[in-house]
Structure formats: structure tokens, C-alpha cells
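Residues per chain are reported as follows:
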Amino acid sequence: MAASELYTKCARVWIPDTEDVWKSAELTKDYKNGDSSLQLMLEDGTSIQHTLDPTTKNLPYLRNPDILVGENDLTALSYLHEPAVLHNLKVRFVDSKLIYTYCGIVLVAINPYETLPIYGTDIINAYSGQNMGDMDPHIFAVAEEAYKQMARDERNQSIIVSGESGAGKTVSAKYAMRYFATVSGTASEANIEEKVLASNPIMEAIGNAKTTRNDNSSRFGKYIEIGFDNRYHIIGANMRTYLLEKSRVVFQADDERNYHIFYQLCASSHLPEFKSLKLGNANNFLYTMQGRSPVIDGIDDTKELSNTRSAFTLLGINESYQMGLFRVLAAILHLGNVEIKDRDADSSVIPPNNHHLAAFCELVGVTYQDMTQWLCHRKLKTATETYIKTIPRLQATNARDALSKLIYAKLFNWIVEHVNKALITNMKQHSFIGVLDIYGFETFDINSFEQFCINYANEKLQQQFNMHVFKLEQEEYMKEQIPWTLIDFYDNQPCINLIEAKMGVLDLLDEECRMPKGSDDSWAQKLYNTHLKTCSLFEKPRMSNRAFIIQHFADKVEYQCEGFLEKNKDTVNEEQINVMKASRFALLVELFQDEEKATSPTGQVPGTGGRTRLSIKPDKSREKTSKEHKKTVGCQFRNSLQMLMETLNATTPHYVRCIKPNDFKMAFTFDPKRAVQQLRACGVLETIRISAAGFPSRWTYQEFFSRYRVLMKQKDVLHDKKLTCKNVLEKLVEDQDKYQFGKTKIFFRAGQVAYLEKLRADKLRAACIRIQKTIRCWLARKKYLRMRSAAITIQRFIRGYQARCLVKFLRRTRAATIIQKYRRMYVEKKRYRQKQAAALAMQTILRAYMARQKYQALLREHKVVIIQKRVRGWLARCWYKRCLVSIVYLQCCIRRMRARRELKKLKIEARSVEHFKKLNKGMENKIMQLQRRIDEQSKENRSVNEKLLGLENSYTTETDRMRTELSRLHGVEEEAKNKTNQLSSLLEELERLKKQLKTTQQEKKTIEDWAQTYQNEMETMVADLKDQNGSLKKEKDDLNRLIQEQSQQMTEKMVRAIAQETQQLETDLNEERSRYQNLLTEHLRLEEKYDDLKEVMASSNISKPGHRRTDSTHSSNESEYTYNSEYAELEEGSRAAEDVTRGIDTTLTLKQQKRITQLEQENQSLHNELENKDEQLQRARARSDAELKKARGAELEYESLKRQELESENKKLKHDLTEMRQSLLKDAAANAGAPGSPAYKVLLEQLSASSEELEVRKEEVLILRSQLVSQKEAMHHRETMTDPSVYAADVSKLKDADELKQACICLKDTNRLLEHQLQTQRRSYDGEVEALRSELQNLKEENNRQQQLLAQNLQLPPEARIEASLQHEITRLTNENLDLMEQLEKQDRTIRKLKKQLKVYSKRIGELGAGQTEGQTSPGQMVDEPIHPVNIPRREKDFQGMLEYKKEDELKLVKNLILELKPRGVAVNLIPGLPSYILFMCLRHADYLNDDQKVRTLLTSTINSIKKILKKRGDDFETVSFWLANTCRFLHCLKQYSGDEAFMKHNTSRQNEHCLTNFDLAEYRQVISDLAIQIYQQLIKCMENILQPMIVSGMLEHETIQGVSGVKPTGLRKRTSSIADEGTDTLDSILRQLNAFHSTMCQHGTDPELIKQVVKQQFYIIGAVTLNNLLLRKDMCSWSKGMQIRYNVSQLEEWLRDKGLMTCGAKETLEPLIQAAQLLQVKKKTDEDAEAICSMCQALTTAQIVKVLNLYTPVNEFEERVSVAFIRTIQTRLRDRCESPQLLMDTKMIYPVTFPFNPSSLALETIQIPSSLNLGFLTRV
């Protein structure tokens, strides 16, 4: 393919950049051959001209398509080069927050500098058993691949973790070991996996330190071998260490620290046990203060030391050895503070009484003089003499530091050795997995001997890595039969030869060390002379003669020669070593002894039981001490490195390359420069180069066909996919060298996939344009036709409207003319009539005025007087009314306040129990009070009568007085007539009065003006009062509405509170059930482990003579006898096993037994708590049901009585009221209320009638009270008659044994009767209490009504007030009478019920007394005498539903019915649950015989046999389902025929006759319930094992809707293909399996409710596994996959709908998966989209939502990625959610199971036993 075809306009390329290393740009002009530059535009819009190299003419790298960016595997990229790799890692790390990426066989791990929730146990379980390419890149995937290959290929594995300091090597190795420890478990009880993990804090404490690049940098290399047995369980481990950085003990650079253990000791120096170490702050010691950074942020050194000590203890290093180690470490710190001063130029001295030296000597147990002597002197030996020579201060200080380094190195090796001893077991190792945590390539400003060794080791590892990659590529090509051409790759063998070959750098260094006067300068000259001209990889710096440069595979490194010889020699004064050996401190002596003589702190001897060792420990020599120090460090390191390479070459390696993203430890910050340096150094780019040199892109034929089907025509598609792909590729790619056809795959050169993707995108884009064009044309035409139709319609309506307007205008014009005519006529006529009327009115007014003036002159004086009287009276009445209203309002306020206080007191009294007691005790007092009130009312009536008589007398007296006054007035009239003659004299007086009249008229005018003003003021005042009244009414309405709202809110609040409390109770109950069932699971697991141990013991035990019992069930509900016998047998077996073999640890068995006992006790306690809660819940429900039934019964029985009496009373009262109203209406005159009037007579009649009614009520109350007293006496008499003491007195008179037994039986029955009566009385008492409470509530309501009535009566006139009070009193007494009659009826009904029960129980007691025989025992006792069967009369051939069997046939029964029964035949041919019915019928017969031993042995054998068959065939779903159904049916039978009323109510009368009569098997019901729970959990596990392999393939990978999602390139680690091949599980496979499960359970007769619970658990597993895999697979998070998931879920819902299981809660378990699929499909751009997502995804956690958004990957170029800003918006909106931070769903979670009671309608006597069961020894009874 020509460059002009690729480098076209809009093509994107990478160009070099000084800051970002590579920068993206886009071509703005096509490139043509011969052009010297490219016209580019950067992403920020800047246009540049990129000049090509004139010599090479190399074009810039092309950028990959966007859909390939962010791939899990770098080899999936079409263009494989450095910028593509760097960009892909940056996108995954920064945008998607993904730290792991594959690069072929290498896992690239970038340190996030942040704790991520991706290492939990749920993640481990998700990766366990998965193929490496099927999940997103992870360290767990590499560990799983190593573990799987070890088991599959029977070959040892290695995981090589490398990288710079701070890149996360140690953490990655730690997580890999944690994965092995979690997945594989352990083969013994020694907790090896915990010990392997416990070695990490120890090695970090003594081998890690803070550097400028890492707070927890490993300063040594380590290789940990984790050993496995033949079942691939961890049995032990072994650790090898390499090149400990001893110089750090005595020197640290700025901002660095010494090893952590020193700072941990200094931080814990205040502890009492560390007082003797004489430590203090870390800044007080030279060895810990040089870096000036003693504290690490966020690290508590005291806590870390506690963790280290705990790890020591777990690994078997006891406290004494730990304190010894701490003494040595403290001594090193004190030795570093020993100050050495100059005595002269050639000698030095230690000042006397140096307390640090004294502390050192005290801690290590040496003499002060010896240390003072040999710190400042050295011994020289010649052939004849020995000299002691002083040394200068500098040499003495170096000798002191060398001793410190030696002691620490010895201590480090000692700890490693004893850690290995603790990790080694005596079991045979079958294979191992090694984890190598080693330093990466290092280059600093000053590089010394340590960096040289580290880079030498990396050269060896890189060579091994290159060879392995090359080998894998070669194998792949040969496997696919691709022509193999030799690929040129970098071989670093010359560099390795330069270092380790003869006359190499190490060889010359060892030679120089052996020279007497060797120095760094002379060694440098030898290097120059030897290699400078002969080796191109060796160079000399221009400005230095004491340094050299080596060209490593990663970079050039300049090494400073200073210190090389000293570090390589690692010499220590031999006399100082002798002083250490002579120490009194045993541990120090042990450190300096030979390795063979060292002892173990744990007292263990490492076993040799078949351990396969590929190499020995590299850091320990087997030579003597005198020769040990002559071997150089370089030589030791070379040998150990050679052994390591041999070990790695003998294993299958797996590579993890750790990358440090930045030097500032900032979370998710990517520095391209630093990343490129490390990628070049760790070999990742070399892997890319090797892959790119061949055919990096590989597709299967099916995947290629599915992806590029759009590029084919219909005629190109053949039946043979391989031939189709060949024909298409020949047309698309002309150069056949760009691809090769293998057996199963197509291999492409670099860039070809991008070219094919470009063709595919162009084809899809053209198709999209055509579709858009057609759709837009259709939309435009549709819009045009719609607009045209609308325009025509509008025109039609407008024209019609205009025509109608014209007609309307013409009509209005004509009508207006007519109206004007008649209007003008009407106006003129009206004007004339007005003038005529005005003239007449004027005349009338004038005439009237003259008459009025004359009349008013006569009456004016009289009217003035009247006006004054009326005005003054009105003013007085107004003032009086205002005062009266104010007083009444004030009284109302005060009474309301007092009433509220009284109401509050009544409420407080109503809540108290004492008040209820007083009310109960004071019922008779209340009746007396009511009688007194009636008497008082009668007295009031009599007083009213007396007042009426007094009023009648006063009325008569007033009439006489008025008659006397009338006669007197007649006399005055006659006297006036006589004075008429005096008229003349009065005329003069009249004139005078006229003058006064004028004056009076003027005054009247003044008064009228004042009256008018006053009237206006009064009207204003009335208006104001009306406004105030309206506002008060409004306020009253508002208050009423507020009160109603508050009451409604309170009601709703109470309802919500009750609902929440109910929900909380149900949640607590489910949690208790779940906890109890988890304990049952743990108990079952321990029981199985106990059985396995017992089998091992039995297999190794010598059989003893005598009979041994078989194991019984170990449930906590079994009898004490069975448990003790088994425990005795266990002890006996343990002793026998001890005598015969030493390999079995009996202490573990005893611990296991103790643990089982504890779990049984916890199980029993939790079971009791569960029972108590169930009983409380049932009691509450029963009480509420009883109250409801009682209330309903009372309503139904007294409804007619109430209605009749109330109707009669109502008619009577209406008749009285009608008569009263008629009498009042007839006599409305002034004397209507006088005595003797009809109204007065009616009132008297009403009063007399009410008095008679009151007397009748009083008599009824007395009758009721007497009946209540007599009923109490009758009940007391009945209790006395049923007292057991009466029977006891009669028993003393009996002498015969039979009579005594019969009396005893009668006494028991009587006790039961009394218990039943006591329960009945208790229930009746509860009913009475409730009745009293209701009565109290009625009294309160009556009180409120009385108060309201009183307030209303105060506003009525006296006559109406009397009538209302009488009416109310009559109504109240009527209600009370009805209530008392109701209570009386209830008491009568209760008495009749008790009499009937007494008759029944008396009859039953007589029958039981006649039917009992001699020898009857209780169910719990052992029977010593032969049992005589009870003679039960029955009709001929009337079967009782029992099966009789002999004692010796019990084993045969269990064998044929349980152990050898085939579920398939029983389920198909016989009735469901037949074995359970047969077992229960046998149990009934044992109960009928009253044989408790037979009952116990039958139940125990049944339970043990079911457990045995489930243990044997526990992986068979059909077997487990069959016995789950039968166990539940057996449990239901035990409940149905137990005799409990709660269960008997569901039976027929015939079934109730079959109830158990002698034994209460409630405890065995609990045991069988526990067994059912265990079977259910085993069924779920069996079902999960069958379903789980199908789920991911069927729900995620298989394309149910073909063609929706395309296949993307997947790189070297091929994922499982989503194309359905033969044998691939699909959604149909899952549905078929669900159908099989459902049909099997239905055939076995499983309870419908139990089937619903199983289906719910099935759907939860499907949803959880699918969602977990979706969250861990980036390639599954796309829009098309969301559509596939939603379609699959709809199919599952359709299955539920077909089976009628939509209400079982299974659909709700799929809600998280449904929301995740919706999240993949919704729009993800704006804030509105974020709000919609937050409201939609309620079932997903925040971590899951963010994870899906980060993983969302477009499959096509038309989809868009989710921006980082949008994800941050989602996180901000979901910040306040209170939820678990867990990412994955718990697939091991099992919902708590319940077994609702399901009675059987099958009659036991109708069951026939088929002959196929071989149960002929059973006899129907």
C-alpha cells in the first residue's frame, strides 16, 4: 500500500515533542511522493509545517482509529509503535482509571498512588477459573493463568515482577500471593496461606525503606516459591533474597530513611517491654537521622511494629526471640552513636564511659574493653608473628559501620531462614509457583556498585524475556503453519559478556580485590585498557578517569568507580567477629555460627518429604567462616543470579512490568517522559517491536467475516467462511505480503487492520449518508404535503369566515336602522311622560308639605320626647350587650383553659395502668354515681315544678294589681272632663307654648343633626365589627383546616411509622434467618470435615473386636445420650489413632470437636431467639385476629337488637317533639307559657315520662350488676370444682395400681383441661381489658359531647334549653342501656361456650380413663418392660393410615426407601412425596405403640441416611431436589398431624383422627427443618455449579440479536468469541436449563413457595454473575451490548411469565443488570442526562455506575466516548448516597429460606405401597 494512500488529507499522525514526547496532528493536505514536508494542524488549531528528514525520508507515525484507542491489549492496535503505546496507556490510566494493560504476554501495571477497590475477595472470585483473555487486565488474571497452567501442564510457573522503585512491584507481588492463598486454600490445618501473607509485613519492616521515589521501597530482591500438593492446595513456601542494600544501615541520603524496623522501635520505645533497649526519638541516633525525614505521612510506626510482632508470632517466632531481635537492632543504633576521635594522625580513641557503647555491650552481651580495643585497633598476621596496629579515625569509623552492616545482614538472613522454616511443612510438594519481586533498571546522577549489580540482573532478565517472547511468536507461527522468517531483535548477550565473561568487569573487579594494594583507580585503568578499544558497549567519560559507561539495553549508564572495591570485598575486622562470637547473648552467637548449627525458634525441623528444590539459597554460603569473607559480593551475586536464571528457565514465566507515572506521587497523573523511559527500560517496547516485525494483528475466520461482512457483496458470501475471507482479502488488499492465511486465523501486518477499518468506516459512512438522504427526503416531502394541506384548509376557513362577516354586517345595518326608529320614538314619549309626572309630583309634594307642616307642628313636642327616650335606651342596651359578650367570651376562654388542663390530666390517667385498674374496680361505683345523678336530676325536676307554681302565683297577684290600677285610671278620666271648663285659661298658656315650640324645633334640628352623625358612626362601627367577625370566621376556618391537616399528617405519620416498624421487623427476621442458616452451613461444613477426619482415622486405625455404633446426626437437638456415646467413640478412635500413626494431629480433631460444640450452642441460641421472635409475631397476629373476630361477632349478633330499640326510641322521641312543637305553634299569644297552657302541660308530661324512663334504667342497671356478681361466683365455683387438689384427695383413697394409674392419667388430662381453661380465661381477660379501654374512650367522647352540649345550651332560650337537655339525657340513657344489654349477651354466650367445652372434656376424660392400660410411659422415658398395645376399636378393613414394621427391619426400610431409591422412577411413576408419607406412616405406628425408642431410632436413621445419600450424590440436582421435596413433605406431615390447633384447622375430620397421640416431636421438627435448610443450600450450590458456566456465554458473549454488535480486534490474548460455535452456551441453553430445573422440582412435588424461592435465587445468580463480568470486561460495555442484555432479560421475564412466577421476586433481582444495560444505552453528555442517570440507576451503587461509564467503549466510529467531565458530574451528584463501596455483587449470597406450612389433602389410609420399592415387610394397619 503506497504512502500516498495513507497520508491523505484528514489523516492523523504523531510528531515528536519535547514536552509530551509525542503530539497528535492532522494532515491538511495530501502527501505526494517527493514532498519534503507535511502540512499539519495540531489539536489546538495551530498550523505547522513538519519537515521530513532529507536522508531517511521517514514519514511520521500514523495514529490508530479511535475505536482501537483504550484497548486492553496493546498488540490489538493496528499501528504498533511507541506513540500508539504511550497514548493507549495514557487514555486507559487517566480517562478510564484503568491501571492494568496487556502488552502481549506482559502485564503493564501503572501505580495509581491511590487505594482502589479492585483487590477484594469478590474480585478474586470473579477472576477465579476465567480465561486470561476473557476478563479485563489484572494482576489476578496473571495469577490465575499461572495457577491454571500449573494444574494443566504439570509445569512449575514463575511470575516476574519488575520496575523502578516506587512503581508498585512489592504491592503487585503481594496481591499475586494473596490470590494464590485465597483461591487454592490449604491442604492442612496449619494455615499456610496466612503464614505466606504474614511474611510480607516482616520482610517490609526489615527490607523496605523510604526513598526519594517511594515511601515503601524494597531494598532487596526476593523470589518466593509457593508450594502446592497434587490437589493444588498450598502446603508451604520458600523465600530467597538477593543483594540487600546494607549500606543503607549506616547512610541515607536527604529525604530518605533507614529500614522501617528502626523507626518502629524508636516510636515504640515508651512501651514497658522496650525500656531495657534504652531507645528514644529517631533523631537521637546517627543511623536514623541522616535523611532528616524520620516520619512518613499517614504511617503510624507504633501500629506497624504491632503488626510486625503479630506476624512474627503467627510464623512461630516466640516473644523471647522477638525481644532478642529487637535487642540486636537497638544495639546497632547504639553502635552507630559511638563517637571515635583522633588521637594522632595514625590512631584513634573512644572517649571513656561512652554510654552508647556501654548500652551496645550490655545489649549484645560483650565486654566494654574488648569492643573499645578492636574498634580502634586491628590485628595483622604474618608468617611468624602477629601485630596489633592502631588505625586512624576514618578507618575506625568505617570498621564500626562495617560491623553494623554485617550484624544487620546476619540478622536479615536469620529472619529469612526462620521464616522459611515456618513456611515449610512435611507434606510432599508436587509443584510450585515462584513470584520474583526484583528491582528494575536504575540510573541516577551518581551510580555505584549497587546500581551496577541491579542493572546486571536486569540484563539477564531482559535476555530471558526476549528469548521467551521470540519463542512464543515462533510457536504461534508454526502452529498456524505460517512461513517463518527470522525476526531481527535486540540481543544483549554482548553486554552480559562484558560484565560476566572472562576478563569482564566482574572478573577484573575480583582480581583487583585480591591485589594487596588494589584500588578503584587501578581497577578503572584496567577496564580502560581491556575494553575501551575492543567493546563498543564500553565507553570512557571525557571529563573523568574514575568512571566508565556501559551501553545497557535500556540506556547508557555512567558508573563511578569510587567504592566499588570496598563494597565488593565487604570486609569486616575478624577480631570484632570473634568478640561477637564470644558474646553471652545466645541469639547473637547463633547469628555468627555456621548455618548448619543454627536452631529454630519454633522448635521445628524442616521436613524433606519430597520437596523438589531447583536451587539452594543464594545469599548463604556453605563454606566455613574463615573462607566466607574471602568470597566477593560480586561473585556471590553472579552465582545466585545464575541459579535464579536456571530456576526461571525451568518454569513457565509470566511477566508484570510496573510503571511509575510521575515522580511526585500524584494520583492518576501521567508524565509521558517518565513513562517512556520506563517502557524502554522494561522491555515493553521491545515486545511491541518484535510483534510489529511479524504479523501482529490476528483474526479468526469467523471474527473477520463477522466484522467485515459489510465489505462483501452477496455473491461473495460462500458457505465456506475461510474461502470467503480469502476471496475478499484478495480484492481489498492487493499486496499479498501484507497478510497470511493460517489454519484457524488470518495474520496481518502492522497497519492493515487500520486500513480495513478505514474501508469499513467509509462503507458505513456512505451507507449512513444514503440512509440520511432518503430519510431527509421523505421527511421534507411529508412536511411539504402537510403544509400544503394546512394552507388549503386555512384558505377555505378564512374565505368562509369573510363571507359570514359580510352577511353579519348587512344584517346589523338593517337592524340598527329599525332600532334607531323605535328608540327615538321611545325617547320622545318618555320625555313627555316625565314632564307630566313632574308637574303632578310638584303639586302633590306642595300639598303634602303643607299638610305635614301642620301635622308635625302638633306632634313635634311629643316626638322629641320619644326620640330622647329611645336613643338613651338604645345606648344603654348597646353598652350592656358589649359587656355581656365580653364577659361570656372571657368565661369561655377560662373554661376552655380549665377543660384543656382536665383533658391533659385525663389523658395522663388514661395511659397509666393504675387508672385502668381504678376504672375496672370502680365500675360499680360508676353505676352508683349514675344512680345519684338520676336522683339529682329528679330533684332538679321537682325544683323546676316548684318554680313554675311560684311563677303562677306571682302572675295572679300581678293581674289583681293591674285591675286596681285600671279602676284608678277611670277615676282620673272623669276628673279630666271636669277640668275642660278651664280651657280659656289654657289658651293663653297655648300661646306661650307656641313660642317654646319654636325654640324646641331649633333644638330638635340640632338633635337630628347629632342623631344623623351618631347613626353614621354606628354604621361605621357595625361595618368594622362585621369585618372583624369575618376575619375571625376565616381564622377559625383556617384553624379547623390546620387541625384537620395536622390530624391527617399524624395519621399518615403513624401509618408510615407502623409500616417502617413492620418492615424493620421483617428485615431483622430475615437477617436472623440468614445468620442462622449461615451457621447451619458452617456446621455442615465442619461436620463434613469431621467425617473426613474420622474416615482418615478409621482407615489408619486397627480394627478392635466388638460392636461399634454407626454415626448419628450431630445436630444440637439430639438427645444427650446419643451425643455422649458418639463423643466416647470419638475419644476411643482418637486414642487408637494415636497408638497406630503419628501423622494425624489429634489435637486438631479435638479442637474441631470443641468448635462444633460451640457452633451448636450458638446455633441453639440463635434458634431460640428466632423462635421467640416468631412466637411474638404469631402472638401479635393471633391477638389482632381474635380482636377483629370478636368485634365482628358482636356487630353481627347485636345489630338487629340495636336497630329495633333505636328505631322505637327514635319514634317515641319524634312523637314527643312533634306534640311539643304543635302546642307551641298553636298558642303563640302572650299567655302561651302560662300555667295551664298546652305547652306547659306538654312539658310536664315530658318531665314525668323522662322520670319514669330513668327509674326503669335504674332497675335495669341493678339487674345487670347482680347478674355480673352471680356470674363471677359461678366462674369461681367452676375453678374450685376443677382444682387438681380434689383429684389428689380422691387418689389417696385408691389402693389398686390400676386405679392409681387411671387416676394419674385422669389427673394429667385434667391438668390439660385446666391449662386450656386458663388460656381461655386469659384471653377473656384480655378481651375485658380491651372492652374497658373502649369504654374509657366512650366516656371521654361522652364528656366532650356534654361540654359541647352545655356550650350550645347556654346560647338557647330557656324553653329550648330544657327540651335539648331532656332529649340528650334520654339518648344517653338509651345508649347505656344498649351497651349493658350487649355485655350481658356476651357473658351469656361465654357461659354457654364454657359449659359446652366442659361437657366435651368430661367425655374425653372418661374415654381416656377407660382406654388406658398398664405400662404406659412418657415419651421421653426408656421402657424396660414389654409394651402392651392399646386396644383401639375399629371397623373391619378400616385402615388407620399406619405402617407396621419390625425392629430388625428398620435398616432394610432405610436402605430400600432412601439409600437405594432412584428418584427418577419415583418421580415419574408414583405420587410425589411417597417416601415421606411412608416414613411418617411408620412413625405413626411407633407413636401408636408409644415406643419412644423406636420413634427415636427411626427418625435418627432417616436423618442420617438422607445426609449420607446427599453426601454421596450431592452434585446430582435431581437427587438433591427429590430429597428436598420429601424432607419438606415429611416436615409438613409432622406439623399437620401434630395435634396443634394451628395446624389441625386445615385438616379434614378424618385427618384429625390420625394425629400423633403420645409424642411431641417439636424438637425433631426443628432438626428436620435444619436438614431441609442444608439440603436447600446444597441444591442452590448444585444449581449454581450447573448454571454459572453458562451465564457469561449466554447472557453476554452470545449475540442473541445477530449483527447488532461487531467484533473488535483483541490482540494476542484472544477473548472468547461471541459468535455461536458448536458447544457454546447461549440464552436458549440457560432457558432450557431453567426449564429442566423447574420441571424436575414440579415432578418431585416441591412446594410452590419453595420453587419461587429457588427461582428467585437462580435469577439472582444470573444477574449477579452477568453484572460482575460486565463490570470487569471493557469490551462488553457498549451500546449494542446493552441492547443484547435487555433483550436477554426480556426473554427471562417472558419465561417467568409463562411459568406464573412473576410475583416471586425474581424480576427484582435482575434490576441492577437492567439498569446497567439502560446506562449503556442512554445519552451521556449533558447535565440533564446526568440527572436522568442518577434517578434511573437506583439499584446500582456509585462505584458500579462510575465503573460502567469508565469502561464504556464505542464499537463503531459513530459512537462517542464518555467524557471525564461527565463522569465527575455523576460522582458529584451521587456523593450523598449512603451505600456500600463494594464494586461487585456477592454471587455467594443465598437468600434465607422459609418453609411455609403446606398441608396435604391426601388421606393416609388411601396410600398404596408399590411393589417396586421392595417394602413387602411393611403391613398396613
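In this convention, every chain numbers its residues from 1, walking through the sequence in written order. pLDDT decides what is reported in this predicted model: residues at 70 or higher carry local features, side-chain atom pairs at 80 or more are listed and counted, and totals for whole chains, interfaces and linings draw on all residues regardless. Note that water and hydrogens are dropped before the side-chain values are worked out from all heavy atoms of the structure.

Engineer: Tell me about the pattern of salt bridges, residues and numbers included.
Structural biologist: In what follows, salt bridge is the name for a side-chain nitrogen of Lys or Arg lying within 4 Å of a carboxyl oxygen of Asp or Glu. This model, assessed by the stated rule, comprises 46 salt bridges. For Arg1041, the salt bridge goes to Asp1038, with nearest N and O atoms at 2.9 Å. Taken together, the positions of Arg1041 and Asp1038, both in helix α30 (residues 983–1100) and 3 residues apart, correspond to about one turn of that helix. You can call Arg1041 partly exposed: its relative accessible area is 42%. Between Arg1697 and Glu1694 there is a salt bridge, and its shortest N-O distance comes to 2.8 Å. Note that Arg1697 and Glu1694 are positioned in helix α47 (residues 1679–1699) at a spacing of 3 residues, about one turn of the helix. Connected through shared salt-bridge partners, Arg219, Glu245, Arg248 and Glu256 make up one network. Helical segments are the DSSP runs of H or I of at least four residues, strand segments are the runs of E of at least two, and each set is numbered from the N terminus. Only protein chains enter the accessibility calculation, which uses a 1.4 Å probe. A residue is then buried if its area is under 20% of the maximum for its type, exposed if over 50%, and partly exposed in between.

Engineer: Pulling in residues and values, what's your account of the sheet that holds strand β20 (residues 556–560)?
Structural biologist: For two strands to be treated as a pair, DSSP must find no fewer than two bridges joining them. Sheet architecture is open: 3 strands sit in the order β18-β19-β20, paired in antiparallel fashion. Both edges of this open sheet fall to β18 (538–539) and β20, since each of them pairs with a single strand only. Residue contacts are defined here by distance: any two heavy atoms, one from each residue, within 4.5 Å place the two residues in contact. Note on method: axes are straight lines fitted to C-alpha atoms, helices fitted across the in-contact stretch only, with angles between N-to-C directions ranging 0 to 180 degrees. Each of β18 and β19 (547–551) touches helix α17 (residues 520–531); the most contacted strand, β19, lies at about 40° to it.

Engineer: I'd love a proper account of the pairing of strand β2 (residues 21–27), names of residues and values included.
Structural biologist: The side chains of a regular strand alternate between the sheet's two faces. Of all the 7 residues making up β2, 5 are buried; the element is thus mostly covered by neighbouring parts of the structure. Linkage of strand β1 (residues 12–17) to β2, two consecutive antiparallel strands, is achieved through a turn of 3 residues. With 3 bridges connecting them, β2 and strand β3 (residues 37–42) associate as antiparallel partners. Opposite Ala25, over in β3, you have Leu42 as the bridge partner.

Engineer: Residues and numbers for the packing of helix α46 (residues 1648–1671) against helix α51 (residues 1742–1751), please.
Structural biologist: Relative to each other, α46 and α51 sit at 50°, their axes nearing to 9 Å. Classified by the interaxial angle, the pair formed by α46 and α51 is oblique. Where α46 abuts α51, its residues Leu1667, Leu1670 and Leu1671 lie against Gln1744, Lys1747, Val1748 and Leu1751. Throughout, the ten residues Ala, Val, Leu, Ile, Met, Phe, Trp, Tyr, Cys and Pro are labelled nonpolar, Asp, Glu, Lys and Arg are labelled charged, and all others, Gly among them, are labelled polar. Partitioning the contact of α46 with α51 into residue classes produces 5 nonpolar, 1 polar and 1 charged. For classification purposes, an angle smaller than 35 degrees is called roughly parallel, one larger than 145 roughly antiparallel, one from 65 to 115 roughly perpendicular, and anything else oblique.

Engineer: Describe unusual backbone geometry, listing the residues and the values that go with them.
Structural biologist: For Glu154, which is not glycine, the phi torsion reads 55° and is therefore positive. For Glu154, the location among the structural elements is in the loop between α4 (139–153) and β8 (157–163). Notably, Met503 is not glycine yet its phi reads approximately 65°, a positive angle. The topology assignment puts Met503 in the loop between α15 (493–500) and α16 (505–514).

Engineer: Tell me what's going on with helix α45 (residues 1627–1643), and back it up with residues and numbers.
Structural biologist: Helix span, as expected, comes to 1.5 Å for every residue beyond the first. With 17 residues, α45 should reach 24 Å at 1.5 Å per residue; the first-to-last C-alpha distance of 24 Å fits that figure. Gly1645 sits one or two residues past α45 and shows a positive phi near 75°.

Engineer: Can you lay out the environment of Arg63 for me, pointing to particular residues and giving the numbers?
Structural biologist: Tracing the sequence through the fold places Arg63 in the loop between β5 (61–62) and α2 (82–95). In the structure, Arg63 is positioned 691 residues away from Ala754 in sequence and 9.2 Å away in space, judged by C-alpha atoms. Sequence-distant contacts of Arg63, defined by excluding residues within four places in its chain, comprise Arg12, Val13, Trp14, Ser24, Glu43, Tyr79 and His87. Here a polar contact is recorded for every N or O atom pair within 3.5 Å, except that within protein the pair must consist of a potential hydrogen donor and a potential acceptor, and residues adjacent in sequence are included only if both atoms are side-chain atoms. Within the structure, the side chain of Arg63 is placed 2.7 Å from the side chain of Ser24, a separation counted as a polar contact. One polar contact links Arg63 to His87, side chain to side chain, over a distance of 3.4 Å.

Engineer: Kindly report on the packing of helix α44 (residues 1562–1597) against α47, identifying the contributing residues and their values.
Structural biologist: Where α44 contacts α47, the axes come no closer than 8 Å and their chain directions differ by 115°. Contacts from Gly1594, Met1595, Leu1596 and Glu1597 of α44 reach α47 at Lys1681, Ile1685, Asn1688, Val1689 and Leu1692. Among the residues forming the contact of α44 with α47, the class breakdown is 5 nonpolar, 2 polar and 2 charged.

Engineer: Now, about a positive patch on the surface: what can you tell me, with residues and values included?
Structural biologist: Together, Lys869, Arg870, Arg877 and Lys881 make up a region of like positive charge exposed at the surface. Within the secondary structure, Arg877 sits in helix α27 (residues 752–911). Like-charged residues within 9 Å of one another, or nonpolar side chains (Val, Leu, Ile, Met, Phe, Trp, Tyr) within 5 Å, are grouped into patches, provided each residue has over 30% relative accessible area and no salt bridge. Each accessible area is a Shrake-Rupley estimate made with a 1.4 Å probe; only the visible protein chains count as cover when residues are assessed. Residues scored as positive are Lys and Arg, those scored as negative are Asp and Glu, and His as well as the terminal groups of each chain are ignored. Note on charges: their place is set at NZ of Lys, CZ of Arg, CG of Asp or CD of Glu.

Engineer: Go over the confidence of the model for the chain, please, and point to the residues and values.
Structural biologist: A residue's pLDDT is simply how confident the predictor is in it, with values from 0 to 100. Per-residue pLDDT for the chain has a mean of 78; in total, 77% of the residues score no lower than 70. Mean pLDDT per element in the chain: helix α31 (residues 1120–1140) is the minimum at 38, and helix α7 (residues 260–267) is the maximum at 93. Predicted confidence is poor over residues 1272–1296, with pLDDT under 50, and the contacts of this stretch with residues over four places away or in other chains come to 20 contacts. Taken together, the stretch residues 1410–1437 has pLDDT below 50 and engages in 30 contacts with residues farther than four places along the chain or on a different chain.

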